[in-house]
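The chain contents come next:
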Amino acid sequence: MTTAHTPAGPHASLDDPGVRIEDILRESIVEAVPVGRTERQAEFYTLRDGEMLLNMGPHHPATHGVLRVVLKIDGERVVDIDPVLGYLHRGVEKLCENADYHQAICYTDPLEYISSLFCEWAPVMAFEKLLDVQVPRRAEYIRVMATELNRIASHVLTMGFFALDLGGITPVLYGFIERDEIMEMLASLTGQKLLFNYMRIGGVNGDLNHDFLSRLGDWMSHAARQIEANAGLMNENEILVRRARGLGVLDGDTCLRMAVTGPNIRASGLPFDVRRSHPYSIFPELDFDIPTRNEGDCLARYLLRVDEVKQSLRIIDQCLHQMPDGPVMAKLPRLVRPRPGRAFAAVEGPRGMYAAYVISDGTDQPFRMRIHDPSFVHLQLVTLLTPGNLVADTMAIMASLDPVMGGVDK
Amino acid sequence: MSTVPGSGIVRGMALTFRRFFEPKATVRYPEVRPEIAPRNRGRLQLLHDENGHLKCETCFQCAQACPIECIDMGGVDTRGRYNVHWGPAETYGERREEAALRRSGRPVPDAAFASFAEVDLGPVSAVLVAHDHDPAHMLGILEETQAAYGYLPVAALRHISFATGAWYAMVYGTASYYRQFRLAPPADGDPALAAADRRPSEASFLSALDAALGMGPRPAPGNARTGDAAGPRA
Amino acid sequence: MTMAAVTWQRLRPVGRLLAVLVPILLALGLVSVGAIILAGPLAAGFVGDNVPLVRFVAAVTAVILLSIPTAFIVIFLELKVIARMNLRIGPERVGPYGGAMSVVHGLKVLAKEDFTPLGVDVTVFTMAPIVTFVGAIMTMLVIPFAPGLFGLDLNIGLLYLFAMSGLTVVGLLMAGWSSFNKYSLLGGLRSAAQMVSYEIPLTLSLVGIVLLAGTMSLNQLVLGQSGSFLDWNIWKQPLAFLIFFIAGTAEANRTPFDLTEADSELVGGFATEYSGMRFGFFFFAEYVNVFIVSALLVTFFLGGWTAPIAWPFAVTMPSLDPLGLGVGLLLGIAALPVVGTLILAAPFWLSSKITTLQALVIGFILFNVVAVGLVIGYAFVSFDWVVGLFWFFAKAYAFVFLFIWMRATLPRVRIDQLMGFAWKWLLPAALLNIFVTAAAITIVSK
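Analysis parameters
Here, residues in each chain are numbered from 1, in the same order as that chain's written sequence. Starting at A for chains and at 1 for ligands, labels are handed out in the order in which the entities are written. Two thresholds apply to this predicted model, a pLDDT of at least 70 for residue-level local features and 80 or more for giving and counting side-chain atom pairs, whereas whole-chain, interface and lining totals are computed over all residues. Heavy atoms throughout the structure, all of them, feed into the side-chain values; hydrogens and water do not. Strands here are runs of E lasting at least two residues and helices are runs of H or I lasting at least four, both read from the DSSP assignment and numbered beginning at the N terminus. Throughout, exposure labels follow a simple rule: accessible area from a 1.4 Å probe, protein chains only, divided by the maximum for the residue type, with under 20% read as buried, over 50% as exposed, and the rest as partly exposed. Two residues qualify as a contact provided that any one of their heavy atoms is within 4.5 Å of a heavy atom in the partner residue. Only the protein chains shown count as covering a residue, and every accessible area follows the Shrake-Rupley method with a 1.4 Å probe. For this count, His and the chain ends are skipped, Lys and Arg are scored as positive, and Asp and Glu as negative. In this description, the location of a charge corresponds to atom NZ of lysine, CZ of arginine, CG of aspartate or CD of glutamate. When two components associate, each loses some accessible surface as probed by a 1.4 Å sphere; the sum of these losses over both components is called the buried area. The rule for a salt bridge is simple: a side-chain nitrogen of Lys or Arg has to be within 4 Å of a carboxyl oxygen of Asp or Glu. By the criterion applied in these results, polar contacts are pairs of N or O atoms within 3.5 Å in which, for protein atoms, one can donate a hydrogen and the other can accept it, and in which residues neighboring in sequence qualify only through two side-chain atoms. Residue type decides the class: Asp, Glu, Lys and Arg count as charged, Ala, Val, Leu, Ile, Met, Phe, Trp, Tyr, Cys and Pro as nonpolar, and the leftover types, Gly among them, as polar. Between any two strands, pairing holds if DSSP finds at least two bridges. For helices, the fitted line uses only the C-alpha atoms of the stretch in contact; every axis is such a line through C-alpha atoms, and the angle between N-to-C directions lies from 0 to 180 degrees. Cavities and pockets were defined on a 1 Å grid built from protein atoms only: a cavity is a group of points that admits a 1.4 Å probe but offers it no way out, a pocket is an open group of points flanked by protein on both sides within 12 Å along at least five of seven lines, and a lining residue is one with an atom within 4 Å of any such point. Grid points are joined across faces, edges and corners, and a volume is the space filled by probe spheres set on the points. For the purposes of this analysis, a disulfide is any pair of cysteine sulfur atoms at a distance within 2.5 Å. Aromatic pairs are defined between Phe, Tyr and Trp rings, using the six-membered ring for Trp, whenever the two ring centres lie within 6.5 Å; interplanar angles under 30 degrees are classed as stacked, those over 60 as edge-to-face, and all others as tilted. Oblique is the label for any angle not covered by the other classes, which are roughly parallel (under 35 degrees), roughly antiparallel (over 145) and roughly perpendicular (65 to 115). To estimate how far a helix should reach, multiply one less than its number of residues by 1.5 Å.

1. A word on the overall build of chain B
- In terms of helices and strands, chain B carries 10 helices and zero strands.
- Start at the N end of chain B and walk to the C end: the helices and strands fall as α-α-α-α-α-α-α-α-α-α.
- By the burial criterion, 25% of the 234 residues in chain B qualify as buried.
- The contacts in chain B between residues at least 6 apart in sequence include a share of 52% that link residues at least 24 apart.
- On chain B, roughly 15800 Å² of surface is accessible, and the fraction owed to carbon and sulfur atoms is 59%.

Below you can see the structure in the form of structure tokens.
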């Protein structure tokens, strides 16, 4: 019997019953420390005494998508952090360059799947600037209304996920109830539930309809109360407040240095909002405030979103009252060929400034197209804010910055 | 935040307790179907008018506008409306070259669709007549068809299935079960050619030798490979 | 070919199975009968000589058997209550009102692959769930469920309790250490730190009660609280109740102190690498722990199985002597269901919309409901332990509901806040409680 168990060749065969695959695999487990390719990586992967690397993601419940974060921890304390991107890269910008202008819109949709309408709006506005198209006023009002609805849908979800990452399981489900109502509403307006593909060059695809308006009216009657009540579950909770207050403080200088936009910069006291700073569409005619907070910590970033939801409700209300009559699409040929040139357009999304930069070479396809996504910018802050805090705080900081991986990896 | 410690927690607990008795948001799906908005375009389907006729005119505009080209249709003409279908996957190959040209500026040849190419069905019809279209003689039919074409083209298999009444799955199963049948053109039918394929340097050497000796060109290697016996390709 | 082989070939599969099974069963039966005849007197003598040991074995068996349905009920409550608080419905497809959901979960866990990852310390990895489970359920041994219905009446019941609940930590630490996974390691160490810290206020908070009652036996503690709800310890020791409640939540690893398996931070904590029934043991232990902490709260502070108010009027049931009825008993057993069914079906049968068969079925179901209700009512009135069980479980499951309610509402605390809370607030408070209680006792006794 002993001869049967001796490996026949220089290598043990897996067909040999005397060889167990576990033994072979166990030998192959080694302490694999990645070799740093850059100075920063070399420094990161050099462990001092008592430190250990903890690999979070790309499939971790708290990384909101396929983000991989390598934590260097000393006990529970995070010494350093290294986000690793690229697990959701789809090459959207390159795909847009291979499609004509109309087709490119729908590629930008899934960039930020939480708030798709904004990802359409920025490139569409850039195309309109290239083509020098005048968008009908009714279309602008519909666009503003739909995007503000989408902003609310995104914010309620963000607030819920912030609470979920701090361990509360209920707020995210309340948030999803609101979001589901808004998504159904937008589905009756745009025809799709997640990736709306609603914006068109020179207008929108389809006018307001009765179904949408009746759903919107139903929802508006209780939305403010409901969202306020849902937020009240968490934002006065002592456990959450004690955890989030003073955590991950982001000051104004850092915000400006790191090109932070959106709620994150407004929570640090700087009232930067593209809708007011670089007005577009019909926002100059609308009456709304830019809420700011001065603390700059996770709690401020969380509470600021509650305030923004109220302002969005105000905007929707005004849009409904001031909605003009008229067409919703400008007259445009089926195949558009803008003159050679370049255009930049930015919109204020729920996470910050979405922008598109398009270069035309006179053909029916964009020559180059770049998309600026706020999530990518904000993810850099994780490296800045996290070291020195605990492992549990990493999730809180990441959730309060609210990056969406679809936008980060493009 | 209020001054009394714990009041926030108590208020949260009160909210969840109230929600315990409130009506629920769950939709019991198979019994209760959610209302789909009239504008919903989440589904590819052909619409009928009030007379029960298909509204689709087979104008291909939807397929042309589709950015990711997921719409593909095989239409006959606008009068034969009932023949409009958006059917099997192989019709995708019909417009494949054109689409590839338009999108990337170069054709994308795909060997996977070569086997669906049409062949001259004359030889296989003769074989079928000789066997009286009897599916019981399937082995013989297939052997003679292979003798006629050099391999078993998919079009011939389809024709055999159609003419004998045997299921295509049976015909294909028979053809793929026996060792002697080939479903692709023989790569090594001509030993010399195969050798030339494997050693291109030798082939170029031979041609250079021929040129130096003033001999005529050898037979072009391409003919036998694409199936000379199989007749012209469509 | 022999006769036997021919017969064997003619048999169908069922027949073959029977042909194999029947002799084996017969042989087993004979052997057991013989064993009973031979060893019966010996065993009876052994039982008579070692009543405590036999009682212990029986109690342990009962506790293990009790823990499974307890875990099922608590898991089902958790699914359903949290769902309703989340404005969801929760399980409702499996069983009536979704009631069999947790049972199906248990079966699923049994059927899953029991996977041992590479690199784990196999022995420790296998032992850890068992240690945790045993540590959890053995605590139930000293809990008095009803008058006379307890596993053991240890005079050091409290010490036994804390010794056993300390075992749980060892199990979690074993699981975290042996799993060859950094998340598990963090979870295991977190659990060690957390539970060791919270054991201290948990234990100290009960010293006041022990001082008042002068006993460590749980049964005596409950008996000392009998009377009305004004006699319960919660009025005498409100601070101790609060400390015990908070520390007990941490001991049971419940939200807001569920750091050991914080799913948004540590994926699954100590249980990350476990699957199949080994994970099931952890899962069961966790939910049995919830029940145990609730039961202990009830036992120490809410009077255990005693009723909140004494029954206002004495009810004496006529004592039934079933054998005294003679043949009438047989007739009653035979006739009562039929008569009852017919009587209860009559009103439905008279209404025109229901067919005779449907009316009979409804009548039969109603009869069963009424009969079971009568039996339970009779038992409730005439047996002490039924009343005790009722009150005990009512109070305990009220606390289970409270724990689930908290889980549905609260977020999780951070590890440094958790430790700081235990050492800076709970421990001084517990010491203060002891001091105040001792001083009060001294003053009153003088």
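2. Quick word on the overall build of chain A
- Looking only at helices and strands, chain A has 17 helices and eight strands in total.
- Principal axes of the C-alpha set define a box for chain A whose edges measure 90 × 55 × 40 Å.
- Expressed as a percentage of the 410 residues in chain A, the buried residues total 59%.
- Taking the intrachain contacts of chain A between residues at least 6 apart in sequence as the baseline, contacts between residues at least 24 apart amount to 70%.
- Surface summary for chain A: the accessible area is close to 16400 Å², and the carbon and sulfur share equals 54%.
- In chain A, the 41 positive side-chain charges and the 54 negative ones have mean positions that sit 4 Å from each other.

3. With respect to the interface of chain B and chain C
- Of the residues lining the interface, 15 residues belong to chain B; the matching set on chain C comes to 15 residues.
- Both faces considered, chain B and chain C share a buried interface measuring about 1400 Å² in area, 68% of it formed by carbon and sulfur atoms.
- Along the contact surface separating chain B from chain C lie two salt bridges.
- Between C:Glu92 and B:Arg28 there is a salt bridge; the shortest N-O distance is 3.0 Å.
- Our count for the contact surface shared by chain B and chain C stands at nine residue pairs in polar contact (both at pLDDT 80 or more).
- Of the residues that constitute the side of chain B that touches chain C, the class distribution is seven nonpolar, three polar and five charged.

4. Details of the sheet that holds strand β7 (residues 353–360) of chain A
Residues and elements named next belong to chain A.
- Strand order across the open sheet formed by three strands is β6-β7-β8, with antiparallel pairing between neighbours. This sheet does not close on itself; its edge strands, each paired only once, are β6 (341–348) and β8 (366–372). Recorded for the sheet is a direction-independent mean angle of 10 degrees between the axes of neighbouring strands.
- Summarising the sheet, β6 and β7 pair through eight bridges and their orientation is antiparallel. Directly across from Arg342, in β7, lies its bridge partner Ile359.

5. Regarding the pattern of salt bridges
Residue and element names in this part refer to chain A.
- Under the definition given, this model contains 38 salt bridges over all chains.
- Here Lys94 ties to Glu97 by a salt bridge, and the two come within 3.0 Å at their closest N and O atoms. Taken together, the positions of Lys94 and Glu97, both in helix α4 (residues 92–97) and three residues apart, correspond to about one turn of that helix.
- Judged by its relative accessible area of 6%, Glu97 falls in the buried class.

6. Observations concerning the sheet that holds strand β3 (residues 77–84) of chain A
- Pairing is antiparallel across the open sheet formed by three strands, whose spatial order is β1-β2-β3 (chain A). Unpaired on one side and paired on the other, β1 (52–56) and β3 of chain A mark the two borders of the sheet. Strand-to-strand twist in this sheet, taken as the mean axis angle between neighbours without regard to direction, amounts to 25 degrees.
- Strand contacts of helix α7 (residues 182–205) of chain C: β1 and β2 (68–74) of chain A, with the helix running at about 110 degrees to β1(A), the strand carrying the most contacts.

7. Observations concerning the interface of chain C and chain A
- Each side of the interface is counted separately: chain C has 28 residues, and chain A has 37 residues.
- In total, about 2900 Å² of surface goes out of reach between chain C and chain A, with carbon and sulfur atoms giving 62% of it.
- In terms of surface lost to chain A, no three residues of chain C exceed C:Leu118, C:Pro411 and C:Arg414, which account for 21% of the buried area on that side.
- As a salt-bridge pair, A:Glu76 and C:Arg190 come within 2.5 Å of each other at their nearest N and O atoms.
- Here chain C and chain A share 10 residue pairs in polar contact (both at pLDDT 80 or more) between them.
- The residue inventory of the side of chain C that touches chain A, partitioned by class, reads 14 nonpolar, five polar and nine charged.

8. Re the layout of surface pockets
- In this structure, the second largest pocket encloses a volume near 1200 Å³.
- Taken together, 33 residues make up the lining of the second largest pocket; nearest its centre are A:Ile239, B:Gly6, B:Ile9, C:Ile246 and C:Phe421.
- At the level of secondary structure, the elements contributing two or more residues to the lining of the second largest pocket comprise α10 (238–244) of chain A, α1 (7–21) of chain B together with α11 (238–251), α16 (384–409) and α17 (415–445) of chain C.
- Here the residues of the lining of the second largest pocket sort into 24 nonpolar, six polar and three charged.

9. Topic: the state of the cysteines
Residue and element names in this part refer to chain A.
- Within the structure shown, the criterion is met by zero disulfides over all chains.
- Left unpaired, Cys119 is separated from the closest cysteine sulfur, that of Cys96, by 11 Å.
- For Cys119, a relative accessible area of 5% corresponds to the buried category.
- There is no disulfide at Cys255, and the cysteine sulfur nearest it, in Cys298, is 13 Å away.

10. Thoughts on the packing of aromatic side chains
Residue and element names in this part refer to chain C.
- Using the criterion set out here, one finds 40 aromatic pairs over all chains in the structure.
- Judged by centre distance (5.6 Å) and plane angle (85 degrees), the ring pair of Phe244 and Phe300 falls under edge-to-face. One end of the pair, Phe244, is in helix α11; the other, Phe300, is in helix α13 (residues 276–301), with 56 residues separating them in the sequence. This pair shows no difference in class: Phe244 is buried, exactly as Phe300 is.
- Clustering of aromatic rings is evident, with ring pairs tying together Phe241, Phe244, Phe245, Phe300, Phe301, Phe399 and Phe403.

11. Concerning empty space enclosed by the protein
- Taken as a whole and judged by the stated rule, the model has four cavities of 30 Å³ or more.
- Here the largest cavity is characterised by a volume of approximately 170 Å³.
- Along its surface, the largest cavity is lined by 16 residues, and C:Ser165, C:Glu251, C:Asn289, C:Val293 and C:Leu296 are the ones closest to its centre.
- Contributing elements (two or more residues each) for the lining of the largest cavity: α5 (122–137), α6 (157–178), α7, α11 and α13 of chain C.
- Grouping the constituent residues of the lining of the largest cavity by class yields nine nonpolar, six polar and one charged.
- In this structure, the second largest cavity spans a volume of roughly 110 Å³.
- Forming the boundary of the second largest cavity are A:Val156, A:Met159, A:Gly160, A:Pro171, A:Tyr174, A:Gly175, A:Glu178, A:Ile227, A:Asn230, A:Ala231, A:Met234 and A:Tyr302.
- Among the elements of the structure, α7 (137–165), α8 (170–190) and α9 (210–235) of chain A are those that each provide at least two residues to the lining of the second largest cavity.
- Classifying every residue of the lining of the second largest cavity by side-chain character gives eight nonpolar, three polar and one charged.

12. What about the packing of helix α15 (residues 356–382) of chain C against α16(C)?
All names here are of chain C.
- The interhelical angle for the contact between α15 and α16, taken along N-to-C directions, is 100 degrees, at an axis separation of 5 Å. Judged on the interaxial angle alone, α16 and α15 are roughly perpendicular. On α16, the residues that touch Ala379, Phe380 and Ser382 of α15 are Asp384, Val386, Val387 and Phe390.
- The residue makeup of the contact of α15 with α16, split by class, is five nonpolar, one polar and one charged.

13. Considering the pairing of β7(A)
Residue and element names in this part refer to chain A.
- With respect to burial, β7 is a largely interior element, seven of its eight residues being buried.
- Linking β6 back to β7 in an antiparallel pair, the connection comprises four residues, with Gly352 at a positive phi of about 145 degrees.
- Across six bridges, β7 lies against β8 in antiparallel orientation. When the sheet's bridge partners are listed, Ile359 is paired in β8 with Arg368.

14. A short note on helix α15 (residues 374–385) of chain A
Residues and elements named next belong to chain A.
- If you check α15, its first and last C-alpha atoms are 17 Å apart, about what 12 residues at 1.5 Å a residue would give, namely 16 Å.
- Burial in α15 covers these residues: Pro374, Ser375, Val377, His378, Leu379, Leu381, Val382 and Leu385.
- The N-cap residue of α15 is Asp373: its side-chain oxygen and the backbone nitrogen of Ser375 are 2.9 Å apart.

15. With respect to unusual backbone geometry
- One non-glycine residue, A:Ser281, lies in positive phi territory at about 50 degrees.
- Residue A:Ser281 is classed as partly exposed on the basis of its relative accessible area of 26%.
- Of note, the phi angle at C:Leu87 is positive, near 60 degrees, even though the residue is not glycine.
- Relative to the helices and strands, C:Leu87 is located in the loop between α3 (51–85) and α4 (101–111).
- A relative accessible area of 7% means that C:Leu87 is categorised as buried.

From the geometry alone we can't say anything about function, so treat these as descriptive.
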